[in-house]
Structure formats: C-alpha cells, structure tokens
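# Report on the structure
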Amino acid sequence: MAVDYVHQFALLVLLNLNRKVTKIQKILVVDPEKCTGCRLCELVCSAFHEKAFSPIKSRIHIIKWDEKAVDVPMVCQHCSKPVCVDICPTNALYKDAKNGIVVVDETRCIGCKVCVLSCPFGAISWDTEHGKILKCDLCDGEPQCVKICKFDALKYVKADKVTLLRKREGAKKLSELVSLIVGEGFYARG
Amino acid sequence: MEFKGGYAGKILWINLSEKRIKKEPLPKDLAYNYLGGLGFVSRILFDLIKPKIDPLSPENVLAFATGPLTGTLFPQASRYIVAAKSPLTDIWGSAHSAGFWGPELKFAGYDMIIIRGRAEKPVYIWINDDYVEILDASHLWGLNVLETEDIIRRDHGDNKIRVACIGPAGEKLVRFAAVMNDKCRAAARSGMGTVMGSKNLKAIAVRGSKDIKIADPNRYLKIIKEFQQRMLNNPFTPSRIKYGTNNLIELMQEIGRLPTYNMKQGVFEEYHKISGEYIRTHYLIKPRACFACVQRCGRHTAVPEGPYAYVGGGPEFEGLSALGSRCGVSHTEAVLYANHLCNLYGMDVISCGATISWAMECYEKGIITERDTGGLALKWGDPELLVKLVKMIAFREGFGNLLAEGSWRAARKIGHGAEKYVMHVKKQEIAGQEPRAQKSMGLASATAARGADHLYAFPVLDEVGFNEEIKRRFGEQYLPEMADRLNPKYKGIMVAECENFAAVVESVGVCKYGTMIPPEFYYEDIALALEITVGFKFTSTELRKIGERIVNLNRAFNAREGVTRKDDTLPERFLKEPAPKGPAKGQIVELNQMLDEYYIHREWDLKNGLPTKKKLEELNLSDVVGQLERIGILLQ
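Just so we're clear, the structure is a prediction, and the values are computed from it rather than from any experiment. (Residues numbered from 1 in each chain as written. Chains lettered and ligands numbered in written order. Predicted model: local features only at pLDDT ≥ 70, side-chain atom pairs only at ≥ 80, totals over all residues.)

Strand pairing within a sheet occurs via backbone hydrogen bonds; the two strands may be parallel or antiparallel. Residue and element names in this part refer to chain B. With respect to topology, 3 strands assemble into an open sheet ordered β14-β15-β16, the strand pairing being antiparallel. Edge strands, defined here as strands with exactly one partner in the open sheet, are β14 (284-287) and β16 (310-313). Across the sheet, the mean angle separating the axes of adjacent strands is 10° when strand polarity is ignored. Bridge count for β14 against strand β15 (residues 299-303) is 3 bridges, and the pairing is antiparallel. Looking across to β15, one finds that P287 is bridged to R299. Its contacts with the sheet put helix α12 (residues 332-345) on β15 and β16, and the angle it makes with β16 is roughly 60°. (Pairing = 2+ DSSP bridges. Helix = DSSP H or I, 4+ residues; strand = E, 2+ residues; numbered from the N terminus. Axes fitted to C-alpha atoms, helices over the stretch in contact; angles between N-to-C directions. Contact = placed C-beta atoms within 7 Å.)

Shown next, in the form of structure tokens:
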C-alpha cells in the first residue's frame with residue numbers, strides 16, 4: 001500500500017536524474033521510505049534562509065498521507081529541462097551553467113507566479129509576506145536539510161553516484177529477500 | 001512589548017456562551033515569570049476558576065497553551081498542554097501532547113487559547129492565522145477522531161490543517177476522555193476531553209502561516225545543531241527509534257515494575273507477546289516522528305487481517321501495559337486493536353485499562369457479578385471481552401456506563417469493599433509503574449497535582465540507575481541510595497526536584513524524552529535555548545525557581561479544593577501487601593518516610609502538606625496566600 005507511492009516517487013526521481021545531469025555536480029536525493037515526517041528539514045530551511053521558523057516559507061515540504069504513514073519530501077529537483085526556466089517570461093529563472101542549479105534572479109522577477117503553477121513537483125512557492133519566489137538554492141553547496149536529516153531520507157550525492165546508490169539500495173532489499181527465503185546462514189554455509 | 005523571538009505573542013480568548021472572540025497581546029511579565037505551557041495555564045486558571053465549581057459546568061475554563069520553544073528546532077520541542085479543573089479528580093487537571101498541533105497554533109500566531117462558557121449546540125473552532133471563527137459542528141458530532149479530522153480537512157480544502165478534537169467518549173462525558181490531536185496523539189489524562197465535551201466543543205482546527213522569530217539568529221543554528229547531535233549520540237536514542245517506548249515492556253518485566261492483574265504483581269508471564277520486539281517484528285509499519293523530533297518514538301502499526309484488523313498510530317508502553325498485562329491480556333492483536341479503539345473514540349488508555357482491570361479483580365473476588373455486568377464474565381485475559389468493554393465504555397453502553405465514571409466512582413456505586421481494589425490516587429488511576437518496584441514512582445504518584453501520575457515528576461533517574469546524572473544534577477553525596485529504585489532514601493528530594501524541572505519542561509514546550517529520560521538536557525541547556533530563541537537570560541537557579549513556583553501554584557489550586565497531606569497517599573495494596581513475586585518480591589512502599597522528606601525539601605508544612613506562607617511569598621505568590629486565607633485555608 002504505502003510502498004506504491006514510494007516507488008512511484010522514487011522512479012520519478014530516478015527518471016529525472018537519468019536525464020542529462022552531467023553539469024550538476026551533486027544532487028539532492030529524496031528517499032520517502034526513510035522519511036518519518038518530522039519536518040526538521042522545513043524548520044532548518046526557514047531558519048537558515050529567513051532567520052525565523054516558518055514552514056510555509058521553507059523551500060522543502062513534507063507531504064503526508066497520515067493514514068498510510070507515507071511522508072514524501074518535496075523539493076526542487078534542479079531539472080535538466082526545467083519547465084520553470086522555459087516558462088519564465090522575464091528569464092528571472094535560469095540554470096546556472098557552472099553547477100546546474102536552477103536559480104532565481106530576484107531583480108528580474110515580476111511575480112507572475114507562472115513557475116509556481118508549472119513546476120511538476122510544486123517545489124516553487126510564493127512568499128505572500130515579501131512578494132517573492134521561494135525555491136531551493138542548495139544553500140551554497142551545503143544543504144541544511146540534508147545535514148539535519150540523520151535518517152538519510154535526504155542525501156546530497158554526486159550525480160554519477162546516484163544510480164549506483166539506488167542500485168545498492170535495491171540490491172540490499174533483494175538480498176534481504178533472498179535471506180528471508182533461504183535463511184540467514186545461506187551464504188555462510190557456502 | 002514585543003518579544004524578540006520564540007513566542008507568537010498573542011492570547012486567544014473565546015467565550016462559547018457569548019460567541020465572543022478576543023485577541024490580546026501576551027503580557028511580558030507572565031512570560032517572564034511562568035515561561036509558557038504549564039506555567040501559563042497554572043497561573044491563568046488559578047485566577048479564573050473559582051473553588052469548588054462543577055468541572056462539567058460552563059464555569060470551568062479550558063486552556064490550551066504552548067511554550068516558547070514549541071515549534072522551534074530545540075530537540076523534541078513540539079508540545080502543548082491543555083488544562084482545566086478535572087472531572088475525573090475534581091482537582092487540578094492537565095494533559096499534554098506533541099504531534100503537530102501545538103507548533104501549528106504558534107504558526108497561526110497564538111501562544112494560548114482560553115475557552116470559557118458552553119456552546120448551545122456542538123461547535124468547532126477554526127483558526128486560520130488572524131481569522132478565527134466558531135463554526136457549527138453538528139455534522140461532526142458522533143464521529144470518531146479519524147473521521148473528524150478528515151472531514152474538517154475536506155471541508156476547508158486543506159490537507160495541512162491540524163486538528164485537536166474529541167471522539168465519542170468526550171461527547172458522552174466519559175470521565176477519562178482525551179483530547180486527541182493529529183489523529184493518534186493524545187492529551188489523555190485527567191479527562192480534558194470530557195471538559196471539551198461538556199462545552200459542546202468538538203474540535204479546534206488550526207492552520208498557520210506566520211513566523212516564529214529567533215532572538216539570536218547568528219548563534220542559533222550552530223548551538224542548536226550541537227543539541228541535536230547530543231540527542232542523536234545519546235545511547236538511548238537508537239532504541240527509541242527502533243522500538244518507540246514499547247521495549248519498556250521487557251525492561252519493566254526485568255525490574256518487576258510491569259503492572260499485572262490490576263497491579264497485584266509486577267511481572268507478567270506472557271509479557272513477550274506484548275513486548276517491543278514482538279510488536280516491531282510483527283506489526284510495525286514505520287516509526288513516525290512528532291514535529292521536529294529526532295527520537296521518533298511514534299509508531300505506525302497495522303494488524304492486516306482478522307477481527308482486530310486496523311491501520312493506525314500507536315501503541316506506546318502505557319497502552320500496552322494498561323490494556324495488556326494489567327488486564328492479563330496477552331493476545332497481541334486484541335491489545336493493539338483496543339489501543340486503536342481508544343484513539344478512535346478518544347480515551348485515556350491508562351484509566352480505561354486500569355478501570356477494566358479493577359472490574360476484573362472485583363469479579364474475581366465476587367464483588368461484581370454477572371448481575372452487575374449484564375451477563376458478561378469479566379475473566380482475566382479475555383481478548384474479546386477487552387475489546388467489547390472498550391467500546392461499551394466509550395459509548396456508555398450497559399455495564400460500560402458504570403466503568404465510564406472511572407474506577408473510583410464506579411467502586412463507590414458498587415460498594416461491598418470494591419474501593420479497596422481501586423488503584424488510584426486522588427481518584428485518578430495509577431499509570432503503568434508498579435510502585436513497589438520503584439519507590440520514587442510511588443511517591444511521584446502520591447504527590448502529583450493531577451492525581452496519580454508518573455509524568456508530573458517523571459523520576460526516572462533511579463529506573464536504571466543514572467549515577468552520573470544524579471551526580472551532576474544532585475551531587476555525589478546522594479549516591480548510591482538515590483540511584484537505587486528500591487531504597488526510599490533521598491526519593492523525596494529527587495521527586496521534588498524532578499517535579500520542579502518537569503514543570504519547566506512542560507512550560508517551555510519540550511518533550512520529557514530528552515530532558516527527563518534520557519536525562520540529556522537540564523536547566524542550563526534550557527536556559528541557553530531560551531537565550532538564543534527568546535532573548536531571556538535566565539540562570540539555572542532562576543529557572544528552577546519558576547518550576548517551583550508552578551508546582552506550588554498547582555498545590556495551592558488543589559488546596560482550595562480541599563487537598564491536604566491525607567490525600568497524598570497510595571492504595572493499601574502498595575503500603576501493606578508485599579509484592580508477591582518478581583525482582584521486587586517482598587517490597588512495600590515506605591510512603592510516609594518519603595513524604596516527610598518531600599515536604600521538608602519543599603519547605604511545606606509537614607502536618608497538612610501545604611506550602612507555607614513564607615514559601616509562597618518567597619516565590620512571589622503573595623496574592624495566592626491572600627486568596628487561600630480568604631476561603632479559610634490557614635497556612636503555617
């Protein structure tokens with residue numbers, strides 16, 4: 001039940017990552033299965049960027065299905081073909097050529113909010129108090145949400161390592177399954 | 001005056017009789033002298049609630065409060081407190097809970113809600129930042145906790161709304177009904193849900209989008225990350241994440257403190273069937289955290305099929321022991337399901353299980369017969385009966401109607417010596433700590449302000465012997481006696497000091513996991529957190545004094561209701577009958593010795609157990625002295 005959502009999402013992340021990710025050096029990887037829904041990431045994000053606790057101004061949000069115990073962190077994926085960049089009428093959003101991060105230039109932003117509506121992850125939000133776009137900037141290379149998440153639901157890894165990481169996690173599950181079927185001592189017995 | 005951070009800065013006053021809503025700024029001196037949470041409600045309800053009122057009348061006042069650290073990054077800072085005069089104990093009543101509701105209330109801009117009067121028809125309160133409204137709840141009345149939250153979220157079209165509500169038990173005025181928030185978190189004890197029900201208030205739904213400011217943002221993140229790291233490095237944290245509080249079943253069995261058969265004994269032969277390991281391997285879906293918590297003791301469990309199938313939150317240790325070993329039930333799925341039903345209907349699992357187990361013992365002794373129960377045979381360990389009784393209590397059906405009054409009131413109605421088997425202090429059922437196996441817990445139950453309660457003091461330093469921590473908090477001279485759970489010596493001092501600190505913990509909005517057990521943070525850490533979050537500069541001594549002030553104020557509240565030393569007692573079973581088996585075999589609770597030490601340490605009068613005039617004046621509570629004297633309570 002819960003697993004369906006999780007796998008769909010994981011697949012989504014993977015599909016996205018498997019596109020051209022050569023330019024971005026490191027990627028924020030989300031693992032909903034490990035998320036316990038504490039929202040520490042939301043708090044630390046707002047404390048870092050806004051100097052206040054304000055989940056609504058956080059760049060990352062945990063979306064929950066309480067009855068299914070599913071918690072999915074939603075955050076900007078810094079897409080290879082970002083819809084927000086394509087759709088932005090003033091080029092306020094652009095993909096930084098150096099590191100592949102999707103950045104917002106606040107001086108150019110006219111506040112039309114098309115990016116908010118178009119992002120498939122809902123990862124861009126509108127700060128009603130200050131009238132500006134809120135989106136993840138990976139905290140100058142040290143994402144605070146990753147640092148505070150000790151459960152590895154959020155990881156910041158090199159792009160080329162991501163698939164390997166996923167493979168390893170998938171393989172781990174498979175090996176657990178194998179030991180479940182054939183017993184723990186299978187390999188030891190040789 | 002503005003606060004630099006931490007506080008939301010506003011109090012919300014709601015009068016349900018007059019349908020009036022008022023917002024007032026939070027007075028700075030209230031914040032400075034009482035911190036928040038328990039401190040706020042203690043002061044405000046002492047002033048607002050008149051002595052000797054009926055707790056279920058509109059005159060009772062219900063207050064919800066958060067602390068200055070609620071909703072911040074301090075480890076496990078997600079708690080709120082709800083308080084009123086208790087319909088179960090007829091004295092001070094309060095209960096606290098974590099989850100997400102408390103922080104959401106602060107993000108909506110309020111530190112506290114004070115509710116007076118009674119609505120004519122069922123209503124709920126809808127708070128969306130500055131917009132506050134009293135709405136009709138006739139469509140919600142009768143629904144369980146899960147349905148209520150779902151429908152409120154659907155009606156307002158927002159999945160992030162946080163709801164604190166009552167279930168059918170609160171509506172039917174079951175005396176130990178809980179306020180439930182976030183579906184499976186309970187502010188359970190002393191019948192706060194009952195008070196909500198008596199006010200025709202079904203729910204308080206909150207959605208907030210404001211900021212909580214930080215007084216010192218430059219130092220904040222660095223310091224708080226160290227706190228987080230300390231919590232993570234604590235050797236208790238991994239097992240909390242793995243088992244929640246469920247593995248306490250194994251631990252309590254080991255020290256003979258697991259309440260079994262209505263606390264006749266402290267060991268349960270079939271404990272492994274309700275143990276943390278068994279539940280983790282068979283029924284756990286995932287640990288789920290409260291807001292901003294690194295310990296994640298919350299459980300999400302499921303029984304996939306059969307008559308006890310469910311998916312939902314819980315259980316934790318108290319539910320497992322009260323509905324399991326205490327009633328002699330070892331059928332895991334039935335215990336889990338009964339716990340789930342308590343959540344669904346909004347009831348305190350402790351009082352519910354304890355009342356059922358009292359009835360079972362009376363049935364065994366022939367005091368309650370099938371004539372009283374309407375044909376039910378109340379046999380120890382019957383899983384079907386357990387589940388049936390939980391439902392009957394929640395809806396006050398048949399024999400459940402009697403049990404819904406709580407064991408003390410039910411025993412008075414039954415008579416024939418049934419009172420002797422009520423495991424209560426001040427009419428509230430004792431929680432899952434067999435006091436003969438841990439003397440400090442016996443004393444804590446006897447002195448707690450809201451009737452029998454393990455959390456008011458939560459003296460756990462002797463549970464597994466935190467010698468280092470005792471040395472740090474009290475001094476080396478108290479070792480080894482203070483660390484020995486079977487030795488009554490120094491327990492009076494320990495319980496009094498734990499009460500003071502617990503009052504501070506409940507006031508700032510922090511969880512007792514991390515502060516009391518494991519004892520990672522103490523006054524100096526709270527003081528530092530307050531400094532960087534709020535801008536208050538307290539010393540440890542000053543904070544301790546605030547805690548002491550709150551405990552004395554709660555005691556004064558109870559003194560007005562007639563509580564004296566004679567009420568600070570335990571059931572005869574613990575004072576006279578030696579524990580029959582297990583590691584604590586042969587032990588009784590040396591209560592009087594501990595009580596004397598407790599009152600002396602508190603500088604209270606030894607004879608009547610009340611604060612002295614001098615003590616109250618020293619704590620800046622001179623007005624309280626006057627109030628007590630006006631109604632004829634003479635202080636020494």
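The subject of this paragraph is the interface of chain A and chain B. Across the boundary between the two partners, chain A contributes 22 residues, which contact 27 residues of chain B. Counting residues per element, the side of chain A that touches chain B draws most heavily on helix α2 (residues 40-50) of chain A, at 6 residues. Residues that form the side of chain A that touches chain B fall into these classes: 13 nonpolar, 3 polar and 6 charged. Where strand β2 (residues 52-53) of chain A meets strand β13 (residues 212-213) of chain B, 2 bridges bridge the pair, whose relative direction is antiparallel. The partner of A52 of chain A across the bridge, within β13 of chain B, is K213 of chain B. (Nonpolar A, V, L, I, M, F, W, Y, C, P; charged D, E, K, R; others polar.)

Residue and element names in this part refer to chain B. Here chain B is described as being made up of domain 1 (10-207), domain 2 (234-422) and domain 3 (435-630). The centre of domain 1, based on its C-alpha atoms, is set 26 Å off from the matching centre of domain 2. At the interface, 31 residues of domain 1 touch 27 residues of domain 2. Counting residues per element, the side of domain 1 that touches domain 2 draws most heavily on helix α5 (residues 168-171), which supplies 3 residues. Residue composition of the side of domain 1 that touches domain 2, by class: 20 nonpolar, 7 polar and 4 charged. (Domains from an automatic or database assignment.)

Moving on: the pairing of strand β1 (residues 26-30) of chain A. Residues and elements named next belong to chain A. Across the 5 residues that make up β1, a large majority, 5, are buried. Across 5 bridges, β1 lies against strand β9 (residues 154-158) in antiparallel orientation. From the neighbouring strand, K26 faces β9, where its bridge partner is K158. (Buried ≥ 20, exposed ≤ 12 C-beta atoms within 10 Å, placed from the backbone.)

Residues and elements named next belong to chain B. Contact geometry for helix α18 (residues 439-447) and helix α20 (residues 491-508): axes closest at 9 Å, N-to-C directions at 55°. Accordingly, the angle class assigned to the pair α18 and α20 is oblique. Relative to α20, α18 is oriented so that their crossing is right-handed. On α20, the residues touching K439, S440, L443, A444 and T447 of α18 are K491, G492, M494 and V495. Tallied by class, the residues present in the contact of α18 with α20 amount to 4 nonpolar, 3 polar and 2 charged. (Parallel < 35°, antiparallel > 145°, perpendicular 65-115°, else oblique. Left-handed = near helix turned anticlockwise from the far one by under 90°.)

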